[in-house]
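Inside the fold
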Amino acid sequence: MIVRCVILACTLLAGSSSGTKPGQPLKPPCRPGFSQNFYTVIVSRDVLHGQSILKDTTLSSERVRFEDCQRSREVGFVSSDPSFSVKPDGTVYTQQEVANLSEPVQFMVTARGVRDPRIWETTVKLALAGHPHPLPLTKVGIEEMLSRVWDSQPRVIKFPRRHQRGSSANGLRRQKRDWVIPPINVPENSRGPFPHMLVRIRSDQDKDVGIRYSITGAGADQPPSGIYNIDPISGNMFVTQPLDREERASFHLRAHAVDMNGNQVENPIDLYIYVIDMNDNRPEFHNQVYNGSVAEGSKPGSSVMQVTATDSDDSTTANGMVRYRILSQTPHTPIPNMFTINSETGDIVTVAAGLDREKVSQYTIIVQATDMEGNLNFGLSNTATALISITDINDNPPELTVRTFSGEVPENKVNVVVTNLTVVDRDQPHSPNWNAVYRIVSGDPSGHFAIRTNPITNEGMLTVVKPVDFEMNRAFMLTVVVSNQAHLASGIQSSVQSTAGVTISVQDVNEPPVFPVNPKMIRFEEGVPAGTTLTVFAAQDPDHFIHQIVRYSKLSDPANWLKINRTNGQITTMALLDRESMYVRNNVYEATFLAFDNGKSGSPQASGTGTLQIYLIDVNDNAPVLQPREAQVCERARPNSRINITASDADTDPNVGPFVFELPSFPASVRRNWTISRLSGDYAQLRLRIPYLEPSVYEIPVIVSDSGNPPLSNRSLIRVKVCPCDDNGDCSATGAVAAAGLGTGAIIAILICIIILLSMVLLFVVWMKRREKERQAKPLLIDPEDDVRDNILKYDEEGGGEEDQDYDLSQLQQPESLDHIINKPTGVRRVDERPVIAESQYPVRPSLPHPGDIGDFIHDGLRAADNDPTAPPYDSLLVFDYEGSGSTAGSVSSLNSTSSGDQDYDYLNDWGPRFKKLADLYGGGDDD
């Protein structure tokens, strides 16, 4: 019985993308699996009328198609419905008798490789002809088809029974395998109504005992919980809300059947719920703007870039299969379709020649991605922008703007720009294809010129790098060639305009006179007298075409030994030439002279300098000088008590050493006490001739002669200190003093001075102690603690006054033990007085005195104190206006301390030394 298999989704093309030629559509990579997720098989009603489907009857001629991507791999198929089987070639056939197909039958086919652990699944639905069949492949047709799938789910799922068979005599039994529950398909985004019944779960034992049904798993009692529920009595299973395949594509639940006591009646069964995908997601590009590039002049088929879009829908169905196409190209130059795109991979390639960056540097392409395999009728689309930059190649040689350039340059000038060579290059600016490189190919054999490229303008700056001479070359004819830093592209030839000529005119200028030999070296013996002519140091004027007069002057003569003739340059000495002078370096004396012309023909004067070097030949004009000038030896002749002497001579060979050292014959004591022995040509040794010489300082004359012709001699004195020595041959301290010239008398005088100084210091100390003792022996009438004369009491407290501080003022009052003083009337009181007669009456200060009366009050109190017969014969403390218990005087704090400055306190200076301090405090405000 042959039936037709209706395919709901397009079969994926199998094969590899390798080997695709440029410009051809790229094949998608091979993905193993079924070509469709859902197959529908329609069986004719006539075939089933009055008969059953026989075993081994083929049901499909088009088979379930599976791509394994490896032709050698073995794949096995297993059906979830034992009534149907699948042959290795994918043909579906009946495994046992089928009574009828009044209700659609749906089962799963599983594929597994022999050596591959992965598993692939697809669903096959078998329906009777005449039932509603799939509509044409449109969006409305798909929705109606999915609703039929929704409504065509099996209504009742029974718990499978376990059948037992007898086997062998030993009582072993073989258990028949359980039925495989087909999956439940639920379309996503359903509009309801909800809850919607999916299937009914029932047990065959529900007639005998009360059964309670339940489901567990993700979506039921586990997150996301509440999507599925079941009526525990009837076993009806419901979906409670719309599903979204992009959030969750499948659910695995388990159905349970227990009795009223909670005892398991049936083994749990697995329920697989698949969410059927709908096209509810548009393709999304990874970037809204893509940037790519391709070189200009590229051949057709050159790869440019790739755009990629993804669809959240099922990629194995048409809902998630994205196809690309180009909507527009801007600009349309040279043709509107310069590029094409692989509809499956998104690769953009060129399809035509003629890309020219100098004409169009960038193309803007709008790319559209559409799902449903690109079906524009019901597929969802999205767009993105592809910006294609045309990269530059060196296809335009640089061209000079004119065939001949000209310029002029003054002679003897360097780093002068003669002219700028302008060039045109249509390649991308400031790139190696645009940067110009200039070369001089002829006309400058001596290398007077060079061309530097201006990095901004790309112009060639023809520059003088070596001075040119008008008298040698009045003009130059150069040939210049320009090229780029990068080589020209293949097939591009250089332009004839890349070569040009340059004419350069040399301007004549007034050149300074030039000394033919500079510097000039001459040789003379030192000691040449003044007025001697040394040489003629003349200069030449290089301006042959202008007759000018050259004059000379001296520019530098450190020792002022020379003079030059103004007209002819003759050099004459003005002083004696001395080789040993500080101005001579390495026997050479240098002087600089100036030569200048008269600057005719409107040109300014030009001057040149020349250096004269005089090499001075040495003559023996300096006598040798003895070295060293001071030494010391021991008073007794010892092997190591000797003095090494030498000489220095300002002359040079052969007028220096070897030197001759000798002692003069007069005075006779020199040769009697000392002797000189020769060590080498430049050194000799002076030592004692006698065993002992009294310690002292001796000046010994020594005659030194050089080897000049004739030789020069010099009588020099060497100061020798003779001193006692220790065992090591070193002068002792006493001996050193004696040798320094201090006699016994001088030493005694120094010691006497030291003794006198110490005696004076001792007497002064004794006098000071005696004076201190006398001062302490003088008795006082008052307690030293109460004596405040010449004392400063420091309280380390600062405040606003007695009224502002919480002080115990009783400490400032008079001692209470002096009752006879406390009982005195208010007035001036003395803390150390001893009353023997009636007290004198002192003036009493009013309770509220005026500040101007202070002076009168103090004066009256002083007068009364001076006339007081009870006063002691020395100065003592007077208490004016005692402030304390029972005092009628007001507080000092009541006085205004911020004086206006009008009060004059200078009169206090007239009251004697006792008030001078007070006058300084109040009368010296201006000085502060």
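Residues numbered from 1 in each chain as written. Predicted model: local features only at pLDDT ≥ 70, side-chain atom pairs only at ≥ 80, totals over all residues. Heavy atoms only, no water.

**A short note on the overall build of the protein**
This is how the line gets drawn: Only DSSP runs of H or I reaching four residues or more are called helices, and only runs of E reaching two or more are called strands; each is numbered from the N terminus. Burial status follows relative accessibility: with a 1.4 Å probe on protein chains alone, a residue under 20% of its type maximum counts as buried, one over 50% as exposed, and anything between as partly exposed. We call two residues contacting when some pair of their heavy atoms lies within 4.5 Å.
Scanning the protein for helices and strands turns up eight helices and 54 strands. For the protein, the residues scored as buried account for 37% of the 928 residues in total. Summarising the internal contacts of the protein: among those between residues at least 6 apart in sequence, 66% fall at separations of at least 24.

**Points about the sheet that holds strand β47 (residues 642-648)**
Filter applied, for reference: Strands are labelled as partners when DSSP assigns at least two bridges between them. Every axis corresponds to a line fitted to the C-alpha atoms, with the helix fit spanning only the stretch in contact, and the corresponding angles, defined between N-to-C directions, vary from 0 to 180 degrees.
Ordered by their spatial adjacency, four strands build an open sheet running β45-β47-β50-β49, and the pairing between neighbours is antiparallel. Looking at which strands have only one partner, the edges of the open sheet turn out to be β45 (625-627) and β49 (674-678). On average, adjacent strands in this sheet sit at an angle of 30° to one another, irrespective of strand direction.

**Some words on the pattern of salt bridges**
Just so we agree on the cut-off: Think of a salt bridge as a Lys or Arg side-chain nitrogen and an Asp or Glu carboxyl oxygen that are within 4 Å of each other.
Taken as a whole, this structure holds 13 salt bridges when the rule is applied. As a salt-bridge pair, R357 and E358 come within 3.3 Å of each other at their nearest N and O atoms. Overall, the relative accessible area of 13% leaves R357 in the buried class. Here E699 ties to R719 by a salt bridge, and the two come within 3.7 Å at their closest N and O atoms. Of the two residues, E699 sits in strand β51 (residues 696-705) while R719 sits in strand β52 (residues 713-723), which places them 20 residues apart along the sequence. Residues joined by salt bridges that share partners form a network here, namely R202, D204 and D206.

**Notes on unusual backbone geometry**
Most peptide bonds take the trans configuration, and most residues that are not glycine carry a negative phi. With an omega dihedral of 5°, the bond running from G192 to P193 counts as a cis peptide bond. Here P193 lies in the loop between β13 (184-187) and β14 (196-202). The omega angle of the peptide bond from F194 to P195 is 0°, so this bond is cis rather than trans. Inspection of the secondary structure puts P195 in the loop between β13 and β14. If you check the backbone angles, N458 has positive phi at about 70° while not being a glycine. Mapped onto the elements, N458 comes out in the loop between β34 (449-453) and β35 (460-464). Given the relative accessible area of 3%, N458 is considered buried.

**Focus: the sheet that holds strand β26 (residues 347-350)**
Taken together, the three strands give an open sheet; going across it, the order is β22-β26-β25, and neighbouring strands pair in antiparallel fashion. Each edge of the open sheet is held by one strand with a lone partner, namely β22 (303-306) and β25 (339-341). Averaged over all pairs of adjacent strands, the angle between strand axes in this sheet comes to 25°, irrespective of strand direction. Inspection of the sheet shows β22 paired to β26 by three bridges, in the antiparallel sense. Bridging from a neighbouring strand, M305 pairs with I348 of β26.

**A few points about the nonpolar core**
Short version of the rule: Within this scheme, the nonpolar core is defined by two criteria: the residues are buried Ala, Val, Leu, Ile, Met, Phe, Trp, Tyr or Cys, and they are joined through side-chain atoms within 4.5 Å.
In this structure, I201, Y228, M237 and L271 are the most contacted members of the largest nonpolar core, which totals 26 residues. Sorting elements by how many residues they give to this core places strand β19 (residues 264-276) first, with five residues. Leaving out residues up to four positions away in the same chain, L271 has contacts with I157, I181, I201, M237, F251, H252, L253 and A255. Judged by nonpolar contacts, the second largest core, of 24 residues, contains F285, V322, I341 and A352.

**Re the state of the cysteines**
To be explicit about the condition: Sulfur atoms of two cysteines make up a disulfide when they are within 2.5 Å.
Scanning the model with the defined rule gives two disulfides in all. Through a disulfide, C634 is tied to C725; the S-S separation comes to 1.9 Å. Across the S-S bond linking C634 and C725, the dihedral sits near -105°, which makes this disulfide left-handed. Taken together, the positions of C634 in strand β46 (residues 630-634) and C725 in the loop between β52 and α4 (733-739) put the pair 91 residues apart, joining distant regions of the chain. Residue C723 pairs covalently with C731 via a disulfide, S to S 1.5 Å. Overall, C723 belongs to the buried group, its relative accessible area being 1%.

**Concerning the pairing of strand β8 (residues 105-113)**
When you tally the buried positions in β8, you get seven out of nine residues, the bulk of the element. As paired elements, strand β5 (residues 75-79) and β8 share five bridges and run antiparallel to each other. From the neighbouring strand, G76 faces β8, where its bridge partner is R112.

**Details of the environment of K554**
How we decide: What qualifies as a polar contact is a pair of N or O atoms within 3.5 Å, subject to a donor-acceptor requirement within protein and to the restriction that residues adjacent in sequence count only when both atoms come from side chains.
In this structure, K554 sits in strand β40 (residues 551-556). Note on K554: relative accessible area 33%, which makes it partly exposed. Between the C-alpha atoms of K554 and F593, which are 39 residues apart in sequence, the distance is 4.5 Å. Excluding residues that lie within four positions of it along the chain, K554 makes contacts with N560, L562, I564, M574, T592 and F593. Within the local environment of K554, its side chain forms a polar contact with the side chain of N560, the two groups lying 3.1 Å apart. Side-chain polar atoms of K554 contact the backbone oxygen of L562, separated by 2.9 Å.

**Observations concerning the pairing of strand β36 (residues 475-484)**
Inspection of the sheet shows strand β33 (residues 436-442) paired to β36 by six bridges, in the antiparallel sense. When the sheet's bridge partners are listed, I440 is paired in β36 with V480. With seven bridges joining them, β36 and strand β37 (residues 499-507) adopt antiparallel strand pairing. Each residue of the ladder has a partner; that of A475, found in β37, is S505.

**A closer look at the confidence of the model for the protein**
Detailed reading of the predicted coordinates is not advisable wherever pLDDT is low. Applicable threshold: pLDDT expresses, on a scale from 0 to 100, how confident the predictor is about each individual residue.
Scored by pLDDT, the protein has a mean of 76; 71% of the residues are at 70 or more. Scored below 50 in pLDDT, residues 47-62 makes 48 contacts in the model with residues more than four places away or belonging to other chains. Across residues 163-179, where pLDDT falls below 50, the model places 18 contacts with residues more than four positions away in sequence or in other chains.

**Brief notes about the packing of aromatic side chains**
Counted only if it meets this: In this scheme Phe, Tyr and Trp rings, the latter by its six-membered ring, pair at centre separations within 6.5 Å, and the angle between planes marks the pair as stacked below 30 degrees, edge-to-face above 60, and tilted otherwise.
For the structure shown, the criterion picks out eleven aromatic pairs. With 5.1 Å between their ring centres and 75° between their planes, Y228 and F251 make a pair best called edge-to-face. Linking Y228 in strand β16 (residues 228-230) with F251 in strand β18 (residues 250-258), this pair joins segments that are 23 residues apart in sequence. There is no split in this pair, since Y228 and F251 are both buried. Each ring, one from F339 and one from Y363, has its centre 5.4 Å from the other, and the planes form 75°; the classification is edge-to-face. Remark: Y363 occurs in strand β27 (residues 362-370) and F339 occurs in strand β25; sequence separation between them is 24 residues.

**A short note on a nonpolar patch on the surface**
For the record, the criterion: Like-charged residues are merged into a patch within 9 Å and nonpolar side chains (Val, Leu, Ile, Met, Phe, Trp, Tyr) within 5 Å, provided each residue has over 30% relative accessible area and no salt bridge. Every accessible area reported is derived by Shrake-Rupley at a probe size of 1.4 Å, with residue values counting cover from the shown protein chains alone.
On the surface, a nonpolar cluster with roughly 600 Å² of combined accessible area is contributed by L757, V761, F764, V765, W767 and M768. For L757, the position within the fold is in helix α5 (residues 744-777).

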